[in-house]
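One-letter residues, chain by chain:
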Amino acid sequence: MSANLDLVRSIYADWERGDFRRTDWAHPAIEMTMPDTPEGATPKGLGSIADAWRTWLSAWRDYRVTPSEFRVLDNERVLVFGHMSGRGRISDASGETEFVNLIQIRDGSVTRLVMYSDRDRALATLGLEE
């Protein structure tokens, strides 16, 4: 279990510095789900997810993902709480919001990333309490 936590911490260490280039942690068939978005986006596969991240990041300057808590749920899942922040590339407005990400790991690779923007919804969906 600690190997999974170490992997997740290493991913977020990069993201906290604004470095989103590393993909060696991702399974080639990784699935990314964003249930709180209107379209409920679910890109699948490393190429599709990389395209989605490039599109998202192109709208921001100084985009950062800052974790505040890592919670190991079981031998395959780690829950990450934190904040996202950045400046709009066009508007120059700064913004910050909370996130809850569920990372699912199998055989040393992330197979699923579920990105929630609503903490209460994430915890309720996962059957967890504060």
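One can find the structure itself at the top, above this paragraph.
Residues numbered from 1 in each chain as written. Predicted model: local features only at pLDDT ≥ 70, side-chain atom pairs only at ≥ 80, totals over all residues. Heavy atoms only, no water.

### Brief notes about the side chain of Thr 111
Mapped onto the fold, Thr 111 is located in strand E5 (residues 109-116). Thr 111 gets classed as buried once you look at its relative accessible area, which sits at 16%. Excluding anything up to four places from it in sequence, Thr 111 contacts His 27, Ala 29, Ile 30, Glu 31, Gln 104, Ile 105 and Arg 106. (Helix = DSSP H or I, 4+ residues; strand = E, 2+ residues; numbered from the N terminus. Buried < 20%, exposed > 50% of the residue type's maximum accessible area, 1.4 Å probe, protein only. Contact = heavy atoms within 4.5 Å.)

### Some remarks on the nonpolar core
Ranked by internal contacts, the top residues of the largest apolar core, which has 25 residues, are Tyr 12, Trp 15, Trp 25, Trp 53, Val 65, Ile 103 and Val 110. If one sorts the elements of this core by residue count, helix H1 (residues 2-16) sits on top with six residues. Sequence-distant contacts of Tyr 12, that is, excluding residues within four places in its chain, are made with Val 65, Pro 67, Phe 70, Val 80, Phe 99, Asn 101, Ile 103 and Leu 113. Counting residues in each nonpolar core, the second largest holds nine residues, with Leu 79, Phe 81, Val 100 and Tyr 116 among its members. (Core = buried A, V, L, I, M, F, W, Y, C linked by side-chain atoms within 4.5 Å.)

### Section: the side chain of Asn 4
The residue Asn 4 is located in helix H1 in this model. We classify Asn 4 as buried; its relative accessible area is 13%. Non-local contacts of Asn 4, meaning those with residues more than four positions away in its chain, are made with Asn 75, Glu 76 and Ile 105.

### Here's the deal with the sheet that holds strand E4 (residues 94-106)
Spatially, E1-E5-E4-E3-E2 is the arrangement adopted by the five strands of the open sheet, whose pairing is mixed. At either end of the open sheet lies a strand with only one pairing partner, and these are strand E1 (26-33) and strand E2 (60-72). Going across the sheet, the axis of each strand differs from the next one's by a mean of 25 degrees, ignoring polarity. Those strands touched by H1 are E2, strand E3 (77-88), E4 and E5, and its axis lies near 160 degrees from that of E2. Taken strand by strand, helix H2 (residues 46-58) contacts E1, E2 and E5, and its axis lies near 55 degrees from that of E1. (Pairing = 2+ DSSP bridges. Axes fitted to C-alpha atoms, helices over the stretch in contact; angles between N-to-C directions.)

### Considering the environment of Arg 112
Structurally, the position occupied by Arg 112 is in strand E5. It is 8.6 Å that separates the C-alpha atoms of Arg 112 and Ala 26, two residues lying 86 residues apart in sequence. Within the structure, the side chain of Arg 112 is placed 3.5 Å from the side chain of Glu 31, a separation counted as a polar contact. (Polar contact = N/O pair within 3.5 Å; in protein donor to acceptor, adjacent residues only side chain to side chain.)

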